[in-house]
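For reference, the chains in residue letters:
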Amino acid sequence: YPFTTLVPNLGVVGIDAKEFVMADIPGLIEGASEGRGLGDQFLAHVERCSVLLHLVDGTSSTITKDYRTIVGELEAYAEELADKPRILAMNKIDALDKKTLGTRKRALEKASGGTVHLISGATGEGIKDVLRALHAEALRRREGARAGRGRSGVARGEYARRRPRGLAGRRTGPPGRAPPRRD
């Protein structure tokens, strides 16, 4: 978003008599992995999260570009961030007519290759479903970690096979650090 959170916030979220901790991290802009804007200051915090909620502004006329920009910044910062599970939600659906909503949802589904949750921060529509999806994915990751997998729930060495397509060739690793060697 052009206007976003300026400092990270932690909060306890309750859904269906279950609770989990959620971090609200400042939005990323193009170039964040190289130090542009505020987002790069908080990417290290994002590495600690087991699941990412990727909010996309439904009123944007460049919705798929916006989505790809964030995915590209996550990948450019660190491969592990690109491989983290994400729940994708299109926000501000209350401001869209049905035709625009359907068109943008389909475009995001095609760009992401997955499900797009529809939510409205103003009306609360779809919020509970997104929270349930986040909680379920976090539990799945925690169970994967207990079963001898890494903290992300992915067995070591699986990252290369799960890497999103179309964003290869970008530098990986935090700003100021050389990319990992690939011998």
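Predicted model, so just to flag it, every value in this text is computed and none were measured.

**Q** Is there a simple way to think about the nonpolar core in this case?
**A** A general feature of soluble globular proteins is that nonpolar side chains tend to end up buried together. Formed by V13, I15, F20, V51, I87, A89, I119, V130, L131, A133, L134 and A138, the largest nonpolar core amounts to twelve residues. Breaking this core down by element, the ones donating at least two residues are β1 (9-15), β4 (86-91) and α5 (127-146). By residue number, the principal contributor to this core is α5, which donates five residues. By size, the runner-up hydrophobic cluster in this structure holds eleven residues, among which are V56, I93, L101 and L108.

**Q** Which parts of the structure should I look at to understand a nonpolar patch on the surface?
**A** Judged by side-chain polarity, L10, V12 and V21 come together as a nonpolar surface patch covering roughly 340 Å² of accessible area. For V21, the location among the structural elements is in strand β2 (residues 18-24).

**Q** Could you clarify how one ought to interpret helix α4 (residues 98-112) in this entry?
**A** Along an α-helix, residues three or four apart share an orientation, since each turn contains 3.6 residues. Over its 15 residues, α4 runs 21 Å from end to end, which matches the ideal 21 Å to within 8%, given 1.5 Å per residue. Structurally, α4 contributes buried residues whose contacts are with β3 (52-57), α2 (63-77), β4 and β5 (116-118).

**Q** Would you mind showing me how to read the pairing of β1 here?
**A** Each regular strand shows side chains that alternate between the opposite faces of the sheet. Summarising the sheet, β1 and β2 pair through seven bridges and their orientation is antiparallel. Pairing of V13 across the sheet is with F20, part of β2. Linkage of β1 to β2, two consecutive antiparallel strands, is achieved through a turn of two residues, within which D16 is found at a positive phi near 55°.

**Q** I'm lost on the pattern of salt bridges in this one. Help?
**A** Per the counting criterion, the structure on display carries six salt bridges. Two residues, D129 and R132, come together in a salt bridge whose shortest N-O distance is 3.5 Å. Here R132 and D129 lie together in helix α5, a separation of three residues that amounts to about one turn. Classification of D129 as partly exposed rests on a relative accessible area of 47%. Overlapping salt bridges, with partners in common, bring together D16, D129 and R132 in one network.

The rules we used
Residues numbered from 1 in each chain as written. Predicted model: local features only at pLDDT ≥ 70, side-chain atom pairs only at ≥ 80, totals over all residues. Heavy atoms only, no water. Core = buried A, V, L, I, M, F, W, Y, C linked by side-chain atoms within 4.5 Å. Buried < 20%, exposed > 50% of the residue type's maximum accessible area, 1.4 Å probe, protein only. Helix = DSSP H or I, 4+ residues; strand = E, 2+ residues; numbered from the N terminus. Patch = residues over 30% accessible without salt bridge, like charges linked within 9 Å, V, L, I, M, F, W, Y side chains within 5 Å. Areas by Shrake-Rupley, 256 points an atom, 1.4 Å probe, with all protein chains shown as cover. Salt bridge = Lys/Arg side-chain N within 4 Å of Asp/Glu carboxyl O. Expected span 1.5 Å × (residues − 1). Contact = heavy atoms within 4.5 Å. Pairing = 2+ DSSP bridges.

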